[in-house]
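# Structural overview
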Amino acid sequence: MSNLVRLFVESSLRKEDIIPLNDKQMHYVTKVMRLGLGDKLVVFNGQDGEWHAEITHIIKRLCSLKIIRFVRKSESESDISLVFSLLKRGATDLLVEKATELGVARLCPMISKRTNTFKVNVNRLKAICIEASEQCGRVTIPIIEPPETLGNILAEWPRQKGLLFLDESGSGKPILEVLKEKTSWQANSILVGPEGGFTSAERDKILENPFIRAATLGERLVRAETAAISALSIYNANVAIDNYKN
């Protein structure tokens, strides 16, 4: 992977295009990373792929880039979705950042009985996703869905998309065993509950759905954000092993 600075931009990307940077991007590029005229960097917008660009103008509060060379397509890193109960701000920020680094395609904030916050700044979460994608080498950023109640998520969930439920009661099979089961059901998504877990009624409602399988991460009771990060890491490792074998 290139060591060039990576920058997410909202503009469409084509060769020879001139892209103006906003104030925050200009500060990052010229003051933090100390790049100047003629320096190269990498830009992407989540749709048009990754491109090399060159700084062509730095005048007072104006900084512009010229798109010079196509690098790679914006192919999705995975199709995995993460359904997670909203947590306190710091825990949610950490979860979103690490989920982005681990290749999640879709983030689905959820409101359940024991959710301890009902406020979410989607623009803030998008900014976290963008920064994480810039740092880790992704060419896409996750889609962030608006918060939904657990009931609505279960009612509207696509039945063909397997949902792996991290069951804090420990009654599910080990997560890797569930992922390796050779059945028509395949995990495309992960569901993690709030601090304090789901209520008994919520758990029963979850498990009555045929598209959901329960799994456990082991005997230790871990924080919700830790559970999500651990499950995504195991999921990615399992995919990598399968791809290696094939």
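You'll find the structure just up there.
The text that follows walks through the structure, step by step, so that each part is easy to find. Every value quoted in this text rests on a predicted model; they were computed, and no experiment measured them.

Here the focus is the environment of Gly-36. Considering the arrangement of structural elements, one finds Gly-36 in the loop between helix 1 (23–32) and strand 3 (40–44). Note: C-alpha distance between Gly-36 and Ser-230 (194 residues apart in sequence) is 40 Å. Not counting residues within four places of it along the chain, the set of residues in contact with Gly-36 comprises Ile-55 and Ile-58.

Negative phi is the rule for most residues except glycine; trans is the rule for most peptide bonds. With a phi close to 55°, Arg-34 is a non-glycine residue in the positive phi region. Here Arg-34 shows up in the loop between helix 1 and strand 3. Phi is positive for Lys-60, which is not a glycine, with a value near 50°.

Centre distance and the angle of the planes are the two values used to describe a pair of aromatic rings. Tallied over the entire structure, the rule returns three aromatic pairs. Residues Phe-8 and Phe-44 carry aromatic rings whose centres are separated by 5.6 Å and whose planes lie at 70° to one another, so their mutual orientation is edge-to-face. In this pair, Phe-8 sits in strand 1 (residues 6–8) while Phe-44 sits in strand 3, placing the two residues 36 residues apart along the sequence. Centroid distance Trp-51 to Phe-70: 5.1 Å. Interplanar angle 75°. Geometry classified as edge-to-face. Of this pair, Trp-51 sits in strand 4 (residues 50–59) while Phe-70 sits in strand 5 (residues 62–72), and the two are 19 residues apart along the sequence. The exposure class of Phe-70 is partly exposed, given its relative accessible area of 37%.

Structurally, the position occupied by Leu-191 is in strand 12 (residues 187–192). Along the sequence, Leu-191 and Ile-19 sit 172 residues apart, while their C-alpha atoms lie 39 Å from each other.

This part takes up the nonpolar core. Counting residues in each nonpolar core, the largest one holds 32 residues, and the members touching the most others are Leu-82, Phe-84, Leu-107, Leu-164, Ile-190 and Val-192. Of all the secondary structure elements, the ones that give two or more residues to this core are strand 6 (81–85), helix 2 (89–101), strand 7 (106–111), helix 3 (122–136), strand 10 (162–166), helix 5 (175–180), strand 12 and helix 7 (224–245). Counting residues per element, this core draws most heavily on helix 7, which supplies six residues. Apart from residues no more than four positions distant in its own chain, Ile-190 is found in contact with Ile-80, Ser-81, Leu-82, Val-83, Leu-163, Leu-164, Leu-166, Ala-231, Leu-232 and Tyr-235. The next biggest cluster of nonpolar side chains, apart from the first, holds 17 residues, and it includes Val-5, Met-26, Trp-51 and Ile-55.

Basis of the calculations
Residues numbered from 1 in each chain as written. Predicted model: local features only at pLDDT ≥ 70, side-chain atom pairs only at ≥ 80, totals over all residues. Heavy atoms only, no water. Helix = DSSP H or I, 4+ residues; strand = E, 2+ residues; numbered from the N terminus. Contact = heavy atoms within 4.5 Å. Phe/Tyr/Trp six-rings, centres within 6.5 Å; stacked < 30°, edge-to-face > 60°. Buried < 20%, exposed > 50% of the residue type's maximum accessible area, 1.4 Å probe, protein only. Core = buried A, V, L, I, M, F, W, Y, C linked by side-chain atoms within 4.5 Å.

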